[in-house]
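Commentary on secondary and tertiary structure
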Amino acid sequence: MTACGLLVAFPVQGRAVPQAAGITATSQQVAYGVTLYKQRCGACHNTPSRSLDEAPLLAGSAFAQKWLSRPAVLFQKIRYSMPQDNPGTLSDEEAIALVAALASGSISGKAPAK
Ligand code: HEC
């Protein structure tokens, strides 16, 4: 997929990462990220059947403060340590789409992700 669309990218340690809390993403990126989230993240995150101590809630104000304020850090966390049972398997495009989906508020902390 030809990801970066409207995303303004800037280099951090030589890697392109999505810019910023005023995250600009295309609706396709958000939709793609939501789909990926359901496939690759929802089994652990944001599902009522799982302990949220184990896999933190990726929504709400604490998440926004800790992560959405630093999207480059969020990108790296997702790209290199998630999914926890298979880290490093996401492409840059996939990790960017996931950041876009999380930032868009399309992924509720309360509803099951699938
Ligand atoms: C096998 C279960 C599992 C899967 C699948 C998984 N995660 Fe996680 N995730 C965890 C656990 C456990 C933690 C807490 C420990 C840590 O930070 O590594 C975590 C932490 C995180 C954090 C940091 C949250 C915080 O508040 O500290 C983010 C962001 C995240 N995951 C994103 C994702 C994304 C995006 C996906 C899908 C690509 C994903 N995870 C898939 C288990 C999982």
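So, here is what we can say about the structure in this document. (Residues numbered from 1 in each chain as written. Predicted model: local features only at pLDDT ≥ 70, side-chain atom pairs only at ≥ 80, totals over all residues. Heavy atoms only, no water.)

1. Considerations on the packing of helix α1 (residues 27–40) against helix α4 (residues 92–104)
Relative orientation of the contacting elements α1 and α4 amounts to 100 degrees, with a least axis distance of 7 Å. Compared by their axis directions, α1 and α4 come out roughly perpendicular. Between α1 and α4, the residues in contact are Q29, V30, Y32, G33, V34, L36 and Y37 and E94, I96, A97, L98, A100, A101, L102 and S104, respectively. Of the residues assigned to the contact of α1 with α4, the class counts are eleven nonpolar, three polar and one charged. (Axes fitted to C-alpha atoms, helices over the stretch in contact; angles between N-to-C directions. Helix = DSSP H or I, 4+ residues; strand = E, 2+ residues; numbered from the N terminus. Parallel < 35°, antiparallel > 145°, perpendicular 65-115°, else oblique. Contact = heavy atoms within 4.5 Å. Nonpolar A, V, L, I, M, F, W, Y, C, P; charged D, E, K, R; others polar.)

2. Structural notes on the coordination of the iron atom of the ligand
Taken together, the protein donors to the iron atom of the ligand comprise H45 (NE2) and M82 (SD), at separations of 2.0 to 2.3 Å. Coordination at the iron atom of the ligand is octahedral: its six donor atoms span angles of 87 to 178 degrees at the metal. In this pair, H45 sits in the loop between α1 and α2 (60–68) while M82 sits in the loop between α3 (71–81) and α4, placing the two residues 37 residues apart along the sequence. The exposure class of H45 is buried, given its relative accessible area of 10%. (Donors = N, O, S within 2.8 Å, 3.2 Å for Na, K, Ca; no water. Tetrahedral: all angles 85-135°; square planar, octahedral: opposite > 155°, others 65-115°. Buried < 20%, exposed > 50% of the residue type's maximum accessible area, 1.4 Å probe, protein only.)

3. Thoughts on the pattern of salt bridges
According to the stated counting rule, one finds one salt bridge in the structure shown. In this structure, D92 engages R79 in a salt bridge whose closest nitrogen and oxygen atoms are separated by 2.7 Å. Taken as a pair, D92 in helix α4 and R79 in helix α3 lie far apart in primary sequence, 13 residues in all. You can call D92 partly exposed: its relative accessible area is 29%. The class of R79 is buried, set by a relative accessible area of 16%. (Salt bridge = Lys/Arg side-chain N within 4 Å of Asp/Glu carboxyl O.)

4. Section: the layout of surface pockets
It is the rolling of a water-molecule-sized probe over the atoms that shows where space remains empty. Taken as a whole, the largest pocket holds about 560 Å³ of empty space. Around the largest pocket, the lining comprises 28 residues; the ones closest to its centre are H45, A55, P56, L58 and M82. Those elements that provide at least two residues to the lining of the largest pocket are α1, α2, α3 and α4. When residues in the lining of the largest pocket are grouped by element, the largest group, four residues, is from α2. In the lining of the largest pocket, the residues fall into 18 nonpolar, four polar and six charged. (1 Å grid on protein atoms, 1.4 Å probe; cavity = no way out; pocket = protein on both sides within 12 Å on 5 of 7 lines; lining within 4 Å. Points joined across faces, edges and corners; volume = space filled by probe spheres on them.)

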